[in-house]
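Below, each chain spelled out in residue letters.
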Amino acid sequence: MALEGQISLNQLKELCAALASDVGEVTVHLNFKVDEDRRYIATGNLKTQVQLICQRCMEPTPYDVDIELALAFVYDEDHAKNISVDYDPVVMTEGEIVLAKMIEEELLLALPVVAYHDQSGCNPIALKYASSTDDAPDDEENPNPFSILAQLKAKS
């Protein structure tokens with residue numbers, strides 16, 4: 001069985017909390033099957049473009065998300081330990097899974113911890129301050145705190 005379609009980003013509230021904008025759609029392609037070990041498997045991909053906040057200039061920056069999925073649905077953590085390394089286990093709550101929630105979690109995991117524009121795309125003023133060396137510590141040598149001990153040892 002195959003599932004193909006789009007989900008509006010504004011329906012994914014937790015994801016939108018991490019984004020600069022909730023405008024856009026996620027394209028979903030999932031193929032479901034039962035493997036030779038009678039496990040429920042889903043493979044496919046998720047594609048979207050989201051707007052993140054650039055940590056250099058604090059303006060929105062586009063970020064392309066393209067995730068290849070290979071999931072195995074299990075009933076509990078014990079079954080998850082027996083899944084092949086080719087699949088990521090998804091624990092079903094009460095024997096079912098909410099696909100929109102699963103998709104949202106996969107997208108959240110795919111986001112970078114920190115987002116930046118390309119240097120040419122940032123606000124020039126923010127770029128100037130981000131690359132400024134005015135606040136950088138000087139390269140002068142700090143005195144060694146043990147130099148006094150060395151001097152005392154040399155005197156004796």
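Above this text sits the structure in question.
Here the residue index of a chain counts from 1 through its sequence in written order. Confidence filtering applies because this is a predicted model: local features only for residues at pLDDT of at least 70, side-chain atom pairs given and counted only at 80 or more, and all residues used for totals across whole chains, interfaces and linings. Hydrogens and water molecules were not included; the side-chain quantities draw on all heavy atoms of the structure.

Attention now moves to the overall build of the chain. Along the backbone of the chain there are five helices and five strands. Helices (α) and strands (β) of the chain occur, in sequence order from the N terminus, as β-α-β-β-β-α-β-α-α-α. Buried residues are those whose accessible area, probed at 1.4 Å on protein chains only, stays under 20% of the maximum for their type, while exposed residues exceed 50% and partly exposed ones sit between those limits. Each of the 156 residues in the chain was classed as buried or not, and the buried ones make up 28%. Every residue pair with non-hydrogen atoms within 4.5 Å of one another is taken to be in contact. Contacts spanning at least 24 positions in sequence make up 51% of the contacts within the chain whose residues lie at least 6 apart. Summed over its atoms, the accessible surface of the chain is roughly 11200 Å², and 50% of this surface lies on carbon and sulfur atoms. Helix and strand assignments follow DSSP, with helices taken as H or I runs no shorter than four residues and strands as E runs no shorter than two, numbered in order from the N terminus. Areas reported as accessible are Shrake-Rupley estimates using a 1.4 Å probe. Residue values count occlusion only from the protein chains shown.

Turning to helix H3 (residues 99-110), a few remarks are in order. Owing to its 3.6 residues per turn, the α-helix aligns residues three or four sequence positions apart on the same side. Given the number of residues in a helix, its expected span is that number minus one, multiplied by 1.5 Å. Here H3 is twelve residues long and its end C-alpha atoms lie 17 Å apart, about the 16 Å a rise of 1.5 Å per residue gives. Of the positions making up H3, those classed as buried are Met102, Ile103, Glu104, Glu106 and Leu107. As for H3, its buried residues are in contact with strand E1 (2-8), helix H1 (13-17), strand E2 (25-34), strand E3 (40-53), strand E4 (60-74) and strand E5 (88-91).

Tracing the sequence through the fold places threonine 61 in strand E4. Once you skip the residues sitting within four places of it in the chain, threonine 61 turns out to touch Val50, Gln51, Leu52, Ile53, Cys54, Ala115, Tyr116 and His117.

Among the nonpolar cores identified, the biggest contains 26 residues, and Val26, Leu46, Ile103 and Leu107 are the most heavily contacted of them. Of all the secondary-structure elements, those providing two or more residues to this core are H1, E2, E3, E4 and H3. Broken down by element, this core gets its largest block of residues, five residues, from E4. Setting aside residues no more than four positions away along its own chain, valine 26 makes contact with Gly5, Gln6, Ile7, Leu9, Leu12, Leu46, Lys47, Thr48, Ile103 and Leu107. Think of a nonpolar core as a cluster: buried Ala, Val, Leu, Ile, Met, Phe, Trp, Tyr and Cys residues, connected wherever their side-chain atoms sit within 4.5 Å.

Moving on to the sheet that holds E4. Whenever strands of a sheet pair, they do so through backbone hydrogen bonds, lying parallel or antiparallel. Taken together, five strands build an open sheet; the order of strands is E1-E2-E3-E4-E5 and the sheet is mixed. Two strands in the sheet have a free side with no partner beyond their single neighbour: E1 and E5. Neighbour to neighbour, the strand axes of the sheet diverge by 35 degrees on average, direction disregarded. Between any two strands, pairing holds if DSSP finds at least two bridges. Sheet analysis places E2 next to E3, joined by eight bridges and oriented antiparallel. Bridging across to E3, histidine 29 finds its partner in asparagine 45. Axis geometry follows a simple rule: fit a line to the C-alpha atoms, using only the stretch in contact for helices, then measure angles between N-to-C directions, giving values from 0 to 180 degrees.

A few words now on a nonpolar patch on the surface. Patches here are clusters of residues that have more than 30% relative accessible area and form no salt bridge, with a 9 Å joining cutoff for like charges and a 5 Å cutoff for nonpolar side chains (Val, Leu, Ile, Met, Phe, Trp, Tyr). Salt bridges are counted wherever a side-chain nitrogen of Lys or Arg sits within 4 Å of a carboxyl oxygen of Asp or Glu. Judged by side-chain polarity, Phe146, Ile148, Leu149 and Leu152 come together as a nonpolar surface patch covering roughly 450 Å² of accessible area. Within the secondary structure, isoleucine 148 sits in helix H5 (residues 147-155).

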